[in-house]
Amino acid sequence: MSRHEWHIRRENGVLTLSRDGNERFDIAAETELPMMARGRLAQQIRQDIWRALQGLRGFRPVVRIREEGGALMVTAGGRLDDARVATPVHKERLNAVLNDPANRSRWQRFARRTAHG
């Protein structure tokens, strides 16, 4: 797999984006968003959580999005290599990314609902 390829799995209405198909959440946060294109949304969230947590050695982003009651339920975070542990500061950063109004607005503009969502 090249540096720019991501594993996208769509199963039972759930989209999961990960680097290598290992979809473990050692650190995670959740949020609810309105309906939009899930693939595009997952890529945007992945980029933003990577920027926020790239100093956490061994961090590999994972984003899972499922439809529920006319909204999208997003779980974002990822896997940590070896025995690394996320600190409360890392968890706060992750929550801040998901709940930042500017991020959410940008994600919505980028991932407007399409037929392929």
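Chains are numbered independently. Their residues run from 1 in the order of the written sequence. For this predicted model, a pLDDT threshold of at least 70 governs which residues receive local features, and a threshold of 80 or more governs which side-chain atom pairs are given and counted, while totals over whole chains, interfaces and linings are taken from all residues. Each side-chain value is derived from all of the structure's non-hydrogen atoms; neither hydrogens nor water enter the calculation.

Q: Looking at this model, I keep getting lost on the overall build of the protein. Mind explaining?
A: Strands are runs of DSSP state E lasting at least two residues, helices are runs of H or I lasting at least four, and both sets are numbered from the N terminus onward. What the protein contains, in helices and strands, is 3 helices and 5 strands. Each helix and strand of the protein, ordered N terminal to C terminal, gives the series β-β-β-α-β-β-α-α. If one aligns the C-alpha atoms of the protein with their principal axes, the spans along those axes are about 40 × 30 × 25 Å. In what follows, a contact means two residues having at least one pair of non-hydrogen atoms within 4.5 Å. For the protein, contacts bridging at least 24 residues in sequence account for 66% of all contacts bridging at least 6. Residues counted as positive are Lys and Arg, residues counted as negative are Asp and Glu, and His and the chain ends are not counted. The atom standing in for a charge is NZ when the residue is Lys, CZ when it is Arg, CG when it is Asp and CD when it is Glu. Across the protein, the mean location of the 22 positive side-chain charges is 5 Å away from that of the 14 negative side-chain charges.

Q: Help me understand unusual backbone geometry, please; the structure alone is not making it clear to me.
A: Working note: non-glycine residues mostly have negative phi, and peptide bonds are mostly trans. Its identity as a non-glycine residue notwithstanding, Asn12 has a phi of 50 degrees, on the positive side. Structurally, the position occupied by Asn12 is in the loop between strand S1 (7–11) and strand S2 (14–18). Asn12 gets classed as exposed once you look at its relative accessible area, which sits at 76%. Burial classes: relative accessible area under 20% of the type maximum marks a residue as buried, over 50% as exposed, and values in between as partly exposed (1.4 Å probe, protein chains only).

Q: What am I meant to see in the sheet that holds strand S5 (residues 71–80) here?
A: One key point about sheets: their strands pair by backbone hydrogen bonds, in either a parallel or an antiparallel sense. The strand order across the open sheet formed by 5 strands is S1-S2-S4-S5-S3, and the pairing between neighbours is antiparallel. A single partner strand is all that each edge strand has here, and the edge strands are S1 and strand S3 (27–34). For this sheet, the mean inter-axis angle between neighbouring strands, taken without regard to orientation, is 15 degrees. Strands qualify as paired when DSSP identifies two bridges or more between them. Of the pairings in the sheet, the one linking S2 to strand S4 (residues 59–68) comprises 5 bridges and is antiparallel in character. In the strand pairing of S4, Thr16 is matched with Arg64. Lying over the sheet, helix H1 (residues 38–53) contacts S1, S2, S3, S4 and S5, oriented at roughly 145 degrees with respect to S4. Between N-to-C directions, angles cover 0 to 180 degrees, with each direction set by a line fitted to C-alpha atoms, over the stretch in contact for helices.

Q: Help me understand the side chain of Gln44 in this model?
A: Along the chain, the position of Gln44 falls in helix H1. Since its relative accessible area comes to 9%, Gln44 is described here as buried. Look past the residues within four positions of Gln44 in its chain and what remains in contact with it is Arg106, Trp107 and Phe110.

Q: Looking at this structure, how should I read the packing of aromatic side chains?
A: Aromatic ring pairs are defined here through the distance separating the ring centres and the angle between the ring planes. In summary, the pairing rule links any two rings of Phe, Tyr or Trp, Trp by its six-membered ring, whose centres are within 6.5 Å, and it sorts them by plane angle into stacked for under 30 degrees, edge-to-face for over 60 and tilted for everything else. On inspection of all chains with the given rule, the structure shows 1 aromatic pair. The criterion is that NZ of a Lys, or CZ of an Arg, lies within 6 Å of the ring centre and within 35 degrees of the ring normal, and then a charge sits over that ring. Above the face of the Trp6 ring, Arg19 is positioned so that its terminal group lies 4.3 Å from the ring centre. The aromatic ring of Phe110 is capped on one face by Arg40, whose charged end is 4.1 Å from the ring centroid.

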